[in-house]
Amino acid sequence: MPGRPLRILLAEDQALLLAGLTRILEAGGCRVVATARSGPELAAALADPALTALDPDVAILDVRLPPTFSTEGLVAAVEARARRPGLPVLVLSQYVEPLYAGELLAGGHGAVGYLLKDRVSDVDAFLESVHRVADGGTALDPEVVAALVRSARRRRPLDRLTDREREVLTLMAEGRSNAAVADRLFVSEKAVGKHTTSIFAKLDLPPTPDDNRRVLAVLAWLRDERA
Amino acid sequence: MTHWEMMPSPILRSVSPTPIDGPALASRLRMTAAALAYTALAAPALVLAIGSILSAALGPLLVGVALANAVVPATEALAGLHRRVDGAFLGVRMAAGYADTSGRNPVTRPMRWLTDGARWRDVGFLWFSATGGFVLSLLPPALLAAPVVHLTGALIVGGAFWWLLAFLGGPSLVVWWLVTPALTLARMRTDAALLDRSGVERLRHRVAQVAASRADTIDHGAAELRRIERDLHDGAQARIAAVGMAVGLADKLLRTDPEAASALLREARTTSVEALEDLRSVVRGIHPPALADRGLAGGVEALALQVPLPVTVSMRLPGGVPEPVESAVYFAVAECLSNTVKHAGASRAWLTGTVAGGLLVVVAGDDGCGGADPAGGGLSGIARRLAAFDGTVTVASPAGGPTTVTLEVPCPGVR
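A short tour of the structure in this document, coming up. (Residues numbered from 1 in each chain as written. Chains lettered and ligands numbered in written order. Predicted model: local features only at pLDDT ≥ 70, side-chain atom pairs only at ≥ 80, totals over all residues.)

## Let's talk about the overall build of chain A
Then step 1. A count of helical and extended segments in chain A gives eleven helices and six strands.
Then step 2. Once local pairs closer than 6 in sequence are excluded, the contacts in chain A between residues at least 24 apart make up 64%. (Helix = DSSP H or I, 4+ residues; strand = E, 2+ residues; numbered from the N terminus. Contact = placed C-beta atoms within 7 Å.)

## Examining the nonpolar core
In a soluble, globular protein the nonpolar side chains are often hidden away together inside.
Then step 1. Judged by nonpolar contacts, the single largest core of 78 residues is most densely connected at Leu61, Leu90, Val91 and Ala173 of chain A.
Then step 2. Tallying contributions element by element places helix 7 (residues 198-253) of chain B first for this core, with eleven residues.
Then step 3. Discounting chain neighbours no more than four positions away, the residues touching Val91 of chain A are Leu61, Val63, Gly73, Leu74, Ala77, Leu104, Gly113 and Tyr114 of chain A.
Then step 4. Among the nonpolar cores identified, the runner-up in size contains 33 residues, and Leu303, Val311, Val329 and Val405 of chain B belong to it. (Core = buried A, V, L, I, M, F, W, Y, C linked by C-beta atoms within 7 Å. Buried ≥ 20, exposed ≤ 12 C-beta atoms within 10 Å, placed from the backbone.)

## Topic: the sheet that holds strand 1 (residues 7-11) of chain A
Residue and element names in this part refer to chain A.
Then step 1. The six strands are arranged 2-1-3-4-5-6 in an open sheet whose pairing can be described as parallel. Among the strands making up the open sheet, the edge pair consists of strand 2 (31-36) and strand 6 (138-140). Ignoring strand direction, the axes of neighbouring strands in this sheet form an average angle of 20 degrees. (Pairing = 2+ DSSP bridges. Axes fitted to C-alpha atoms, helices over the stretch in contact; angles between N-to-C directions.)

## Quick look at the pairing of strand 4 (residues 89-93) of chain A
Residue and element names in this part refer to chain A.
Then step 1. The buried fraction of strand 4 is high, at five of five residues.
Then step 2. Covered by surrounding structure in strand 4 are Val89, Val91 and Ser93 together with Leu90 and Leu92, the residues of both alternating faces.
Then step 3. When strand 3 (residues 58-62) meets strand 4, the two strands line up parallel, connected through four bridges. Bridge pairing in strand 4 places Leu61 opposite Val91.
Then step 4. Crossover strand 3 to strand 4 through helix 4 (residues 72-83) is right-handed.
Then step 5. By the bridge criterion, five bridges tie strand 4 to strand 5 (residues 112-116) in an arrangement that is parallel. Its bridge partner lying in strand 5, Leu90 is registered against Gly113.
Then step 6. Crossover strand 4 to strand 5 through helix 5 (residues 98-105) is right-handed. (Right-handed = clockwise from strand over helix to strand, strands pointing away.)

## Describing helix 8 (residues 258-286) of chain B
Residue and element names in this part refer to chain B.
Then step 1. An ideal rise of 1.5 Å per residue puts 42 Å on 29 residues; helix 8 measures up with 42 Å between its terminal C-alpha atoms.
Then step 2. Listed as buried for helix 8 are Leu264, Ala268 and Thr271.
Then step 3. Residues of helix 8 that are buried sit in contact with helix 7. (Expected span 1.5 Å × (residues − 1).)

## Side note on the sheet that holds strand 4 (residues 392-396) of chain B
Residue and element names in this part refer to chain B.
Then step 1. Spatially, five strands are ordered 1-2-3-5-4 in an open sheet, and the strand pairing comes out mixed. What marks the edges here is a single partner per strand, and that holds for strand 1 (311-316) and strand 4. The sheet shows a mean angle of 10 degrees between the axes of neighbouring strands, taken without regard to direction.
Then step 2. With six bridges connecting them, strand 1 and strand 2 (residues 349-356) associate as parallel partners. Residue pairing in the sheet places Val313 in a bridge with Leu351 of strand 2.
Then step 3. Across the sheet, helix 9 (residues 289-305) lies against strand 1 and strand 2, angled at about 180 degrees from strand 1, the strand it touches most.
Then step 4. Relative to strand 3 (residues 359-366), helix 10 (residues 323-344) is tilted by about 15 degrees, and along the sheet it contacts strand 2, strand 3 and strand 5 (403-410).

## Some remarks on the environment of Leu249 of chain B
Then step 1. Mapped onto the elements, Leu249 of chain B comes out in helix 7.
Then step 2. Sequence-wise, Leu249 of chain B and Ala261 of chain B are twelve residues apart; in three dimensions their C-alpha atoms are separated by 7.3 Å.
Then step 3. Beyond its immediate chain neighbours, meaning those up to four positions away, Leu249 of chain B contacts Arg23, Ile24, Ala27 and Val123 of chain A together with Leu264 of chain B.

## Things to note about the packing of helix 8 (residues 163-174) of chain A against helix 11 (residues 211-222) of chain A
Residue and element names in this part refer to chain A.
Then step 1. Two elements in contact, helix 8 and helix 11, have axes separated by 8 Å at closest approach and are oriented at 110 degrees. One way to sum up the angle between helix 8 and helix 11 is to call them roughly perpendicular. Two secondary-structure elements touch here, helix 8 through Leu169, Met172 and Ala173 and helix 11 through Arg214, Val215, Val218, Leu219 and Leu222.
Then step 2. Classifying every residue of the contact of helix 8 with helix 11 gives seven nonpolar, no polar and one charged. (Parallel < 35°, antiparallel > 145°, perpendicular 65-115°, else oblique. Nonpolar A, V, L, I, M, F, W, Y, C, P; charged D, E, K, R; others polar.)

That is the geometry; function is a separate question.
Structure, rendered in structure tokens:
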């Protein structure tokens, strides 16, 4: 990890999980610069000028926080991103709700993650996701992507895609680069490149070289309601 | 079904000619007086009957509306008087059961009257009162009055004519004695058939009760589900996630820092045990194992053992109490015991349970300081739980104690 350690703002109400996350992040060379245990604490931490002072590289938030235990974390994240577009936010939750992913992605800026808390136990993959989001990429839980693909399939056929192309599409939607997809599927990066070009052609999406823009295009296509 | 209201004892007890004694004479005289009054009221009834028909016919015109505003309240008063008098004689409480017109003005109110069956039955009563009812009510006073008038005439005026009339009229007294109860009964039963809507009232009341308890039950069910979801999210689910994190980090540190990895694994093991405990307590909150295995009596005994004061348990329950009732009563008893522990400062408590005549009765008592508030959260929660099964909670808790909470739930068919 190049340069200074990632500065993290961490919001989690449960002491056990807050401690676990802090430990994992610090073992991965990040620095937890601020923690919040409730919605109001998080809102205070995210409010300018506090954010400027803290200067976090990424905010990692639990969706559900006191006092109402509904979606305070998510609401705070969406509001903070409205004030500072592109603020990297990684949302953690004990359940996945594709609707919430849609709300986070709505700005189209990327730098968004939405993962099940279970994923944290795969420490290296989790830390990679944190860095990816900090760098402006996306990290969506496979379950969120699966739900989006399922609903997209109901609305319009993904049948034009080959099985391999669907695998690539799913991994790409999670936020992985061509190189990472190639790694996962045990094929060459060049082969993945071919698949993605073909996918983009079949879905009528404009070709773009940037990994992250491509991911966002795929996500937009998957959750497009008008189709 | 619960009794609607205590019935007043009837004045008209029987139509039998015997016994011939003071009370029987008194009751016949009262019937005759009522019949005389009803005869007199036939005239206003006829006026109102005609007025009702006119106001309905003239409804679209302002005069019809004005007439209705005069006639209908007067009819209500007249019908109400008959309801009270008939009710006293028949030993029933009669209800008017009019449709609700509160919040309506004198123009919109007649619209509602027009579609209210109870008001039209009132009009039917008016016609009966002015015709057949009039005849039925006229006879008793006439039969009584004739010989009295003749005898008075014979005594004052004298002469064969009056004495003959008095002699011939004598039997009409016998007829009066014989037929007055039957005539009164016929008149008042017919009135009641037209005027009494207490059956409908009773049903209306019952429906309101059922609707309220159903809404409460649904609320309660939703609140329970939220509580269970919260318990799982904050407890077992969080701990299992923490176990995952600790194991994941241990895996990462295994090579570089085996000491730390081993400490993390030990911690993960402890946390996983705690997660199981959490799950068990959530399950206990949904359907306690002792209740599932041993029924209400066993479940309540198990509850008593968990309380830090001596609890005498005497549950004599036959089998066959429905499971949902058992569960509701179990949680109600749990709430009572926890109130005792938290608030009563009691040195001992007792629980008794019986089923008699299809009614399950469980009493939770303690020798504590009393002053329990039946409207308090815990006790009103119990009441809501039991209301779903038509059950009731009665709290007796004078200041200084002792406190008894009586839970009653109908269990038809359980002996």
